[in-house]
Amino acid sequence: MKQLLPLWLLGCFFVQTALGQSIEKATISGYVKDAANGEGLIGVSVFVKEKATGAATNSYGFYSITLPKGNYTLVYSFVGYQRQEKQVDLTQKDVTLNLEMKDEGIQLQDVVVRSQAADENVKSVEMSVNKVDIKTIKQMPALLGEVDLVRSIQLLPGVSTVGEGASGFNVRGGDVGQNLILLDEAPVYNSSHLFGFFSVFNPDAVKDVKLVKGGIPANYGGRISSILDVRMKEGNSKKQQIEGGLGLIFSRLTYERPIFNGKGSFIVAGRRSYADILAKPFLKGDLKGAVFNFYDLTAKGNYQLNDNNTFYVSGYFGRDNFGGGDFGFNWGNGTVSTRWNHIFSNRLFLNVTGYYSNYKYSLGADTSPRDSFKWNSQIKSASGKADFTYFLTPSNQLTFGGQYIYYDSAPGKAIARSVGETVDISLEGRRGDESALYVANEQRIGKLLTLQYGLRYSMFRSLAPGDLITYLPTTPGDHLEPQLPGTRVESGVLKTYGNWEPRFSAKVQVNSNASIKMSYNRMAQYLHLLSNTAASSPLDVWTLSSSNIKPELADQVALGWFQNFKNNAYEFSIEGYYKDLQNQIDYVRRSDLLLNRFVEGDLLYGKGRAYGAEFYLKKNEGKLTGWVSYTLARTERLVDGINNNKWFAARFDKTHNLTAVGIYQVNDRLSFSANFAASSGTPATYPTSRSEWSGGEPGQEIIIGDNYYDSRNGSRIPWYHRLDLSVTRKAKKKLFGKGDAEWVYSIYNVYNRRNPFSVFVRQNENDPLRTEAVRYAVLGSLIPSITYNFKF
């Protein structure tokens, strides 16, 4: 069956293509854009009435449909925009039809909350995909009034976090480092500001957000858990626009306008926190001169050379700064992306992308002129890729392409000075490259069946210079000793890995309002995030696959039912999934991951499994919109030497996860919104015994806890639950006679819940012989905020 299935799929493809060649055909193609700002619209439905078929615009607003010669009626529809019909004459030649769609504006009986066509969730072959409209994200309650993209997706099914203020997010049993986060196709290695309280994405510069949890298409690779694809705005090509907001701890400002007589446009958006500036007059003693702020700058420009060529360049730079006195700590991302869209013909579309991405952190201390310590670490990558889309027929859309990525990792450059003497304890950097080729086809077979099948091949090379070190075998679970001196290699390739990554999705259309979908994908990951803390931190180290660290692999299958009700006003889905994970990284007891040349000796490898069911109900229309989601899931690991060689729950496992979002539009000036989240506690390991050493005098006893039975994550911390509320009120008067303004009042953690981030064990301060458990909460109180937003 495994041998016959690919042959059958290829047979369907070639037979349909051959049959289609016998009929004279013509093609209609073009771009669909927003009439207000010229932004390309993603996912617009282009439907051919006479053939009951159609297409959707791609990430740049481009579409192409090839039909038998004749006259046709095309219907362009996108939720929130006015529906349009166009008569097209395809009797003689191909036709190019570019279209601009107008916003419907707010009509209370028809308020909508979608970022796709009304029935896209039922009729598309995509599954395990969530798209959140940026307008909806801006209406949701937020911590300190700052709209946050990453916090918003944590309210979707299958997505969770280990706790309040934790960096990143977890998707279907994957850890934080197994998510590929893309900003205009460039990877973002740390998605958080302020240790996880805010994300690096400026909401005023974001155009589209898509989270892919399963059924991952062949053009994506490099991570085994999920893809968060964030697309930036291109800039208003119609008129100058200024947008911004003033909050309690930071503010933002965005400027966009057309250039080159409307052939191009640009956008620049910046944010900065100023809590340290406001607090400066009140800081005294050791806190005087303390720095704690973050900032980021996002920019993008585009230029349309002609009808067939468009160029884009975008960039992001952000940094967090903390410190005071002798100590300083900062970290941040930087990305640059360049893209070229080229239309070879009305059926062949090309996008070429080049990017550079860098994540770096630095910390240091200068205790005296002769004593200091400085430490830097970073990961850099540069890539070039080409993605082709060939619109063969209305029933076949072929995609193919390739990518090359070069990695340069510096795990630690550290220099210490003591009494005037300098000691260099830096680690040698690691380099590698990753190449991939892929091909895929989306094919409709009749009216009921749609298939999407593809194949990706990825290859990774660990590059010299470097040392090939062998680690001596020992008792499972214990530290491995290196066999020194190892073999020094100055040039060439140290190790090569290659993986075939098949992808398959299918949709069976049960009726016009319901469908069944299934998918399978294999993913390979050659870049690994090392972290043995409760949650990811800025100090975590990215490392490459090597002769000792194998690529992580994941195979996932998913099955789901999708249905819409009341003319697409409601949508419902239930998905079940199972994921098999290989070469998962864990750590020996008391592992040392920082500035450790032999860190591979502190790593353990095992397998994992994740399985669950996701329920999702969304209301798209009316004064009240929003969604409710519930996820029932398990995430487990099996590692030799841990938990007596039995399966144990992963640190980020959450059995139950319930979220709800509601937005109520009272009128065109006033709206209310609420978020609610509840989830079972994350796993924890507690000591079952203790050892005591006397310091010679009463009160100087030293107590060390230990887990005598070597169990892992056998307990759980208490449940997490939180309610947030917000009110948005638009100003009556126009700002400067032509702009809009609004006040946003929000309350985070309304009923003052002290949600536990962790529970740890310590000696009682008054009785050292007594051991006590302490519940630690990052945020333990209600947090009100007020924000003023403007746009003109």
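What you are looking at is a predicted structure, and each value in this text was computed from that prediction instead of being measured. (Residues numbered from 1 in each chain as written. Predicted model: local features only at pLDDT ≥ 70, side-chain atom pairs only at ≥ 80, totals over all residues. Heavy atoms only, no water.)

A. Quick look at the overall build of the protein. Helix and strand counts for the protein come out as five helices and 51 strands. In summary, the protein has a C-alpha radius of gyration of 28 Å against a globular reference of 28 Å for 792 residues, a match within 12%. Across its three principal directions, the C-alpha atoms of the protein cover 100 × 65 × 50 Å. For the protein, the proportion of its 792 residues judged to be buried stands at 54%. Expressed as a percentage of contacts within the protein between residues at least 6 apart in sequence, the contacts between residues at least 24 apart total 66%. Here the protein displays about 34,700 Å² of accessible surface, and carbon together with sulfur accounts for 57% of that area. (Helix = DSSP H or I, 4+ residues; strand = E, 2+ residues; numbered from the N terminus. Rg over C-alpha atoms; globule rule 2.2 N^0.38 Å. Buried < 20%, exposed > 50% of the residue type's maximum accessible area, 1.4 Å probe, protein only. Contact = heavy atoms within 4.5 Å. Areas by Shrake-Rupley, 256 points an atom, 1.4 Å probe, with all protein chains shown as cover.)

B. Highlighting the nonpolar core. By size, the foremost hydrophobic cluster in this structure holds 29 residues, and its most contacted members are Leu149, Leu156, Phe169, Phe201 and Leu228. Residues within four places of phenylalanine 169 in sequence aside, it is in contact with Val150, Ile153, Gln154, Val159, Ser160, Asp175, Val176, Asn179, Ile181, Leu211, Ser226 and Leu228. Among the nonpolar cores identified, the runner-up in size contains 24 residues, and Trp331, Leu363, Ile379 and Leu529 belong to it. (Core = buried A, V, L, I, M, F, W, Y, C linked by side-chain atoms within 4.5 Å.)

C. Inspection of the sheet that holds strand 13 (residues 186–187) at higher detail. The five strands lie next to each other as 9-16-17-12-13, forming an open sheet whose pairing is mixed. Among the strands making up the open sheet, the edge pair consists of strand 9 (129–131) and strand 13. Pairing geometry for strand 16 (residues 206–212) and strand 17 (residues 226–232), over six bridges, is antiparallel. Residue valine 209 lies in a different strand from strand 17, and its bridge partner there is valine 230. (Pairing = 2+ DSSP bridges.)

D. Looking closely at the side chain of glutamine 452. Within the secondary structure, glutamine 452 sits in strand 29 (residues 449–463). Its relative accessible area of 18% is what places glutamine 452 among the buried residues. Here the side chain of glutamine 452 touches glutamate 442 through a polar contact of 3.3 Å, side chain to side chain. Once residues lying within four places of it in the same chain are set aside, the contact partners of glutamine 452 are Val125, Gly215, Pro217, Asn441, Glu442, Arg503, Phe504 and Ser505. (Polar contact = N/O pair within 3.5 Å; in protein donor to acceptor, adjacent residues only side chain to side chain.)

E. Quick peek at the packing of aromatic side chains. Inspection of the entire model under this criterion finds 31 aromatic pairs. Ring geometry for tyrosine 60 versus phenylalanine 349: centroids 6.1 Å apart, planes at 35°, classification tilted. Highlighted residues: tyrosine 60 in the loop between strand 3 (53–56) and strand 4 (62–68) and phenylalanine 349 in strand 24 (residues 348–368), separated in sequence by 289 residues. For the pair shown, tyrosine 60 and phenylalanine 349 are each scored as buried. Both rings, one in tyrosine 788 and one in phenylalanine 790, keep their centres 6.4 Å apart while their planes meet at 35°; by these two values the pair is tilted. A relative accessible area of 16% places phenylalanine 790 in the buried class. Lying over the aromatic face of tyrosine 31, lysine 33 brings its terminal NZ or CZ to 5.8 Å of the ring centre. The lysine or arginine in question, lysine 654, covers the ring of tyrosine 720, its NZ or CZ lying 5.7 Å from the ring centre. (Phe/Tyr/Trp six-rings, centres within 6.5 Å; stacked < 30°, edge-to-face > 60°. Lys NZ or Arg CZ within 6 Å of the ring centre and 35° of its normal.)

F. Geometry of the sheet that holds strand 6 (residues 84–89). Reading across from one edge, 3-2-5-6 is the order of the four strands in this open sheet, with antiparallel pairing throughout. Looking along the sheet, the strands with just one partner apiece sit at the ends: strand 3 and strand 6. Each strand axis lies, on average, 25° off the axis of its neighbour in the sheet, ignoring direction. Note: strand 2 (residues 45–48) against strand 5 (residues 71–77), four bridges, orientation antiparallel. In the strand pairing of strand 5, phenylalanine 47 is matched with valine 75. (Axes fitted to C-alpha atoms, helices over the stretch in contact; angles between N-to-C directions.)

G. Quick peek at empty space enclosed by the protein. All told, the structure shown has 13 cavities of 30 Å³ or more when counted by the stated rule. In this structure, the largest cavity occupies an estimated 430 Å³ of space. What lines the largest cavity is a set of 36 residues, among which Arg151, Gln154, Thr161, Arg722 and Tyr748 lie closest to the centre. When residues of the lining of the largest cavity are traced back to their parent elements, those giving at least two are helix 4 (149–153), strand 10 (159–160), strand 15 (198–199), strand 41 (656–665), strand 42 (670–679) and strand 47 (720–730). Per-element accounting of the lining of the largest cavity gives the leading share, four residues, to strand 42. Looking at side-chain class alone, the lining of the largest cavity contains 15 nonpolar, 15 polar and six charged residues. (1 Å grid on protein atoms, 1.4 Å probe; cavity = no way out; pocket = protein on both sides within 12 Å on 5 of 7 lines; lining within 4 Å. Points joined across faces, edges and corners; volume = space filled by probe spheres on them. Nonpolar A, V, L, I, M, F, W, Y, C, P; charged D, E, K, R; others polar.)

H. Quick peek at the confidence of the model for the protein. Residue-level pLDDT values for the protein average 88, and 92% of them are 70 or greater. The low-confidence segment residues 1–5 (pLDDT under 50) makes zero contacts with residues lying over four places distant or belonging to another chain. (pLDDT = per-residue confidence, 0-100.)

I. Region of the structure containing the pairing of strand 21 (residues 291–306). When strand 20 (residues 264–273) meets strand 21, the two strands line up antiparallel, connected through nine bridges. The residue of strand 21 that forms the bridge with arginine 271 is aspartate 296. Between the antiparallel neighbours strand 21 and strand 22 (residues 309–324) lie two residues.

J. Here's a closer look at unusual backbone geometry. Cis geometry is adopted by the peptide bond preceding proline 465, which originates at alanine 464 and carries an omega value of 10°. Structurally, proline 465 is set in the loop between strand 29 and strand 30 (466–471). Cis geometry marks the peptide bond from leucine 484 to proline 485; its omega dihedral reads 15°. Looking at the secondary structure, you find proline 485 in strand 31 (residues 482–489). The backbone of asparagine 645 shows a phi angle near 60°, a positive value even though the residue is not glycine. Taking relative accessible area as the criterion, asparagine 645 reaches 46% and is therefore assigned partly exposed.

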